[in-house]
Each structure stands twice: as structure tokens, then as C-alpha cells.
Amino acid sequence: MRKSRVAVIVGTRPEAIKMAPVLRALAGSRSLEPMTVCTSQHRHMVHQILRSFGIRHYYDLNVMRKSQTLWDLSGRLATKLGRFFDQNPADAVLVQGDTSSALFGGLCAFYHKIPVGHVEAGLRTGNPHFPFPEEMNRTLLGSIATWHFAPTRDAVGRLKNEGVAGTSIYLTGNTVVDALRWMAPRCSDRLLKRLVGAQRARGRLIVVTCHRRESHGAPMRSVAEAIAEIAGRWPEVTIVFPVHPNPAVRLAVMPVLETLPNVILCEPLDYDQFLSCLKHACFVISDSGGVQEEATALGKPVLVLRDETERQEGVKAGALKLVGTNKTRIIRESQRLLTDRRAYQQMCRASNVFGDGEAARRIVNILERSLRA
Ligand code: UD1
Ligand code: UDP
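Source: prediction; values computed, not measured.

Caption draft 1: Here's a closer look at the site of ligand 1. The environment of ligand 1 is made up of 24 residues, and the closest members are Gln-41, His-42, Arg-65, Ser-100 and Glu-134. Measuring from an oxygen atom of ligand 1, one finds a backbone N or O atom of His-44 at 3.2 Å. Arg-213 places a side-chain nitrogen or oxygen 3.0 Å from an oxygen atom of ligand 1. Here ligand 1, which alone exposes 750 Å², has 95% of that area covered by the protein. For the shell around ligand 1, the class distribution of residues is seven nonpolar, 11 polar and six charged.

In C-alpha cells:
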């Protein structure tokens, strides 16, 4: 019997992390075979992550250009993905999340009349401009998809409210928890010590990441100034900040932070190394979607550098607090976590609101059943 071919689109770092468990589960399927399509919207970071998960064979569409605009990127994605599906017929296409690669993967599959599965469906803030352009991308994918793989009950409810048929929505959990569980035993203190030094690895650690497009410029500079102030007030605390390669991010944070002795600015870390940092962190300051989910699963408080989040489950679980990009607020909330033991403990609650580590298996089972029918 011919196996059904499932094209899995991966463009950016979070897609690579969240699709890796799906790719592994597809590889073990008797009736499906994966075809990994890396658009290379992010070249270095995606290749780095695929390597971390032992994924070596993939088509590379090579769309990344330095400081690419959304419209240039979109044009290249449409052309290259469209041609790819012409030359490589697929029985189903899987896209993840809300990036440009995901949107154009879904749209080009639709143009080829290939059914689309949307992994991490149903996340919304309700504001089409925040996060930008992700809220619009994922909403549009909600109209394109045949299978909606929702990570949480709230996501299922939102899709139903938007008129998506209940029979095409599947509650699977978020595959990021699968990725975290797979990688966690492969993390070691050695990686952390190499990065921050043996002595600092024993002390308190804050992990910082930021990259959101809507925070480029003044808001991101204000975040950097807050980090500088925190580093100055608590010199015994080490701040690890893997800087996103987007030039707009580097321009905002490097000049403010690069000379501070207890701020370790580094290139994006391998996934096992980043998870080692997260596991040792006393708390996290971040605007990342994936980091909000991982930190919640690990019971690490996150000060979220945004005014809204599509991951309200983490806020309700007590692990996430929205602080925006205001300098004074970030310093005040960090001070609370560093000095008020009770307030800190209240946020250290590991929670499985985002998944139980079995999402990829569920997704593959659903596809096996649907494509056989
Ligand atoms: C993209 C996604 C965003 C996602 C984020 C995850 C879109 C529109 N944005 O944002 O949803 O949350 O990735 O990180 O899909 N660059 C490199 N090397 C890399 C990656 C990026 O040099 O490995 C630089 C390039 O100059 C590139 C720039 O970063 O032009 C911006 O990349 P882009 O994918 O357009 O946007 P992100 O802000 O990374
Ligand atoms: N991450 C990583 N190395 C780093 C920083 C982050 O592997 O140096 C991982 C992190 O664990 C999470 C993902 O990258 O799973 C988040 O990616 P990003 O913040 O770029 O995108 P978002 O999740 O906001 O879309």
C-alpha cells in the first residue's frame, strides 16, 4: 500500500521546535510518510533546531534575505511553495502557528487543492494588530484548514465561536510540550556552565528573549534599559540574553547592554542549551510565545513583555504576568520577584495547561484515520 505523503512546512525557529515531534511521529507511521519542507524564512536558527532534533533530510526553499520586509518575504514564499507543490505532490500539508511560512504554506496548499492541517489552531488575542502580523495570519489559516489541531479547550471554544465546524476541531495539546519532554533529558548543567561560568551557574539567573515586530524601536530600547537597570541593582544576578538575529532587535539591545559584566548577550542557543538555562532560571523576561508555554510547563515565572497574550491559560495558571514594555513596570515586577519570596513562590507553579506531551501522536493518529477514509 502506498503511504500518504504529508508535507510539513517549517519556516522559523518555533515552527521547527513545534513540528519536530510531529515529524518524528510521522516517521514512525505505517500509513503516512513525512516530507519536510524548510522554507528557511529563518536560515541559521531553523537549521540549528532541526540539527538538535536529528532531522537532516529536508527540502530547503531558501527564502531568507537580510532584513526582509513582509511583502518581499510573502512574494518569495508564494512563488517557491507554489512551485514546490507543483513538483512534489502531497496528500496533506501541515502548517504550524502564525508565521508567514505557515500562512503561505496553507494558501499554496489550498491553491493545489491539498487539505491543510493547522497545528496550534485557535490562538487569538482578538486584536488584528497585536501580535503583528501573527494574529491575522492565524485567523486566515482558520478559514483555510481542514483539520484544526487546537492546543487547549479555550482554543477549541474560540474556533467554534468563529463558526468552524466542531467535527474538524481536535483537542491535541501543544506539541511544544512534546518537544520539551524529548529534549529535557538531553540537557545538562555542563551547557549552562560553559555559557555563564561555573560560579555564576550556581547563583540566580534571569533569562531574557525578545523579538516581536511591534516592539521594534523605542519599546525594545525601553526593555533593554530596564534590563540594564536590573543588572546594575543586582550585580550578583546573571542575566542570559540570547539575541534574536533580526537586525532590528540587535540595534535596539546591543548598544545598551553589551558592556555590562553580568549580562551575557549571546547568539541564539541550541534548544538543549536554552532549556538548560530555562531550567536553572529563577524567572524569565520574554515576549516569546513558545517560551511562555515552556516556562509554564517548567513552573518558571515569566514577565511577558506584551500588553496582551493569546496564552491566557498561562496567566490563569499563575505563571505568566503581562508587564508590557514600560521600563518602570519591568523593573518593579522584577524587583518583586527578586525580593518578595511569597510573590515569587506564587508564580512558580508548573502546569500542564498547554499539553501533556502526547500532542504529536494524537495529530498523526487523526491524519492516519482521515487519509485512510
Ligand atoms: C518571525 C515570524 C514571527 C515569529 C518569529 C520567531 C513572521 C512574519 N514573523 O519573526 O511570527 O514569532 O519569527 O522568531 O513570520 N534572521 C537571520 N537569521 C535567522 C533568522 C532571522 O539573520 O536565522 C534575520 C534576517 O535578517 C531576517 C530578519 O532576521 O530578515 C527577520 O526575520 P523574519 O522571519 O522576517 O521575522 P522575525 O522577526 O524573525
Ligand atoms: N529558543 C531557543 N534558543 C534560544 C532562544 C529560544 O531554542 O536562544 C526556543 C525557545 O525554547 C522556544 C522558541 O525558541 O521554544 C521560541 O522562539 P521565538 O521566541 O523565536 O518565537 P515565538 O515562540 O515567539 O514565535
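Caption draft 2: Spotlight on the environment of Arg-250. Of note, Arg-250 is situated in helix 11 (residues 247–257). Sequence separation between Arg-250 and His-216 is 34 residues, and the spatial gap between their C-alpha atoms is 9.8 Å. A distance of 3.1 Å separates the side chain of Arg-250 from the backbone oxygen of His-244, its partner in a polar contact.

Caption draft 3: Expanded view of the nonpolar core. Residues Leu-94 and Tyr-271 are the most contacted members of the largest nonpolar core, which totals 56 residues. The biggest single contributor to this core is helix 1 (residues 13–27), with seven residues. Aside from chain neighbours lying at most four places away, what touches Leu-94 is Val-6, Ala-7, Val-8, Ile-9, Met-19, Val-22, Leu-26, Gly-117, Val-119, Phe-149 and Leu-367. With 32 residues, the next largest nonpolar core counts Val-208, Met-220, Val-323 and Met-347 among its residues.

Caption draft 4: Region of interest: the site of ligand 2. As a structural note, the neighbourhood of ligand 2 is formed by 16 residues, with His-211, Leu-269, Ser-288, Gly-290 and Glu-294 the closest of them. In this structure, Leu-269 approaches ligand 2 through a main-chain N or O atom, which is 2.7 Å from an oxygen atom. Glu-294 is positioned with one of its side-chain polar atoms (N or O) 2.5 Å from an oxygen atom of ligand 2. Surface burial for ligand 2 is 95%, taken as the share of its 540 Å² of free accessible area covered by protein chains. Residue assignment for the shell around ligand 2 shows that the elements contributing at least two residues are helix 1, helix 12 (271–280) and helix 13 (289–298). Per-element tally for the shell around ligand 2: the top contributor is helix 13, with four residues. When the residues that make up the shell around ligand 2 are grouped by side-chain class, the tally is nine nonpolar, four polar and three charged.

Caption draft 5: Representation of the side chain of Thr-209 in the model. Within the secondary structure, Thr-209 sits in strand 8 (residues 205–209). Contacts of Thr-209, omitting those with residues within four sequence positions, involve Phe-241, Pro-242, Phe-274, Ile-285, Ser-286, Asp-287, Ser-288, Val-291 and Leu-305.

Caption draft 6: Highlighting the environment of Pro-151. Along the chain, Pro-151 falls in the loop between strand 6 (147–150) and helix 6 (153–161). The exposure class of Pro-151 is buried, given its relative accessible area of 6%. With sequence-adjacent residues up to four places away left out, Pro-151 is seen in contact with Glu-120, Ala-121, Leu-123, Leu-171, Gly-173, Asn-174 and Phe-354.

Caption draft 7: Inspection of the sheet that holds strand 9 (residues 238–242) at higher detail. Across the sheet, which stays open at both edges, the six strands sit in the order 10-9-8-11-12-13 with parallel pairing between neighbours. What marks the edges here is a single partner per strand, and that holds for strand 10 (263–266) and strand 13 (320–322). Adjacent strand axes in the sheet meet at a mean angle of 20°, parallel and antiparallel pairs treated alike. Against the sheet, helix 15 (residues 327–339) engages strand 8, strand 11 (283–286), strand 12 (302–304) and strand 13, with an angle of about 170° to strand 11.

Caption draft 8: Spotlight on unusual backbone geometry. Cis geometry is found at the peptide bond from Phe-130 to Pro-131, where omega equals -10°. In the Ramachandran plot, Lys-113 falls in the positive-phi region, its phi being about 60° despite a non-glycine side chain. With respect to the secondary-structure elements, Lys-113 resides in the loop between helix 4 (100–111) and strand 5 (116–119).

Caption draft 9: Representation of the pattern of salt bridges. Counted by the stated rule, this structure contains 23 salt bridges. The salt bridge involving Glu-293 is made with Lys-18; its shortest N-O contact spans 2.9 Å. Of this pair, Glu-293 sits in helix 13 while Lys-18 is found in helix 1, placing the two residues 275 residues apart along the sequence. In this structure Lys-18 comes out as buried when scored by relative accessible area, which is 2%. Glu-214 serves as the salt-bridge partner of Arg-212, at 3.8 Å between the closest nitrogen and oxygen. We classify Glu-214 as partly exposed; its relative accessible area is 24%. Through salt bridges with shared partners, one network takes in Lys-18, Asp-98, Glu-120, Glu-135, Arg-138, Glu-293, Arg-306, Glu-308, Glu-310 and Arg-311.

Caption draft 10: Focus on helix 1. The end-to-end C-alpha distance of helix 1 is 21 Å, a good match for the 21 Å that 15 residues give at a rise of 1.5 Å each. Bending of helix 1 peaks at approximately 35° at the position of Met-19, with proline Pro-21 no more than four residues after it. Those residues of helix 1 lying buried are Glu-15, Ala-16, Ile-17, Lys-18, Met-19, Ala-20, Pro-21, Val-22, Leu-23 and Leu-26.

Caption draft 11: Spotlight on the sheet that holds strand 7 (residues 169–171). Strand order in this open sheet of seven strands is 3-2-1-4-5-6-7, and the pairing throughout is parallel. Each of the sheet's edge strands pairs with one partner strand only, and the pair in question is strand 3 (59–60) and strand 7. Bridging between strand 5 and strand 6 involves three bridges; their strand directions are parallel. Looking at strand 6, one finds that His-118 is bridged to His-148. Of the strands in this sheet, strand 1 (4–10), strand 2 (32–38), strand 4 (92–96) and strand 5 touch helix 1, which is tilted by about 165° from strand 1.

Cut-offs applied
- Residues numbered from 1 in each chain as written.
- Chains lettered and ligands numbered in written order.
- Predicted model: local features only at pLDDT ≥ 70, side-chain atom pairs only at ≥ 80, totals over all residues.
- Heavy atoms only, no water.
- Near = heavy atom within 4 Å.
- Polar contact = N/O pair within 3.5 Å; in protein donor to acceptor, adjacent residues only side chain to side chain.
- Areas by Shrake-Rupley, 256 points an atom, 1.4 Å probe, with all protein chains shown as cover.
- Nonpolar A, V, L, I, M, F, W, Y, C, P; charged D, E, K, R; others polar.
- Helix = DSSP H or I, 4+ residues; strand = E, 2+ residues; numbered from the N terminus.
- Core = buried A, V, L, I, M, F, W, Y, C linked by side-chain atoms within 4.5 Å.
- Buried < 20%, exposed > 50% of the residue type's maximum accessible area, 1.4 Å probe, protein only.
- Contact = heavy atoms within 4.5 Å.
- Pairing = 2+ DSSP bridges.
- Axes fitted to C-alpha atoms, helices over the stretch in contact; angles between N-to-C directions.
- Salt bridge = Lys/Arg side-chain N within 4 Å of Asp/Glu carboxyl O.
- Expected span 1.5 Å × (residues − 1).
- Bend = angle between axes of the 7 residues up to and from the residue.

What is shown is where atoms sit, not what they do.
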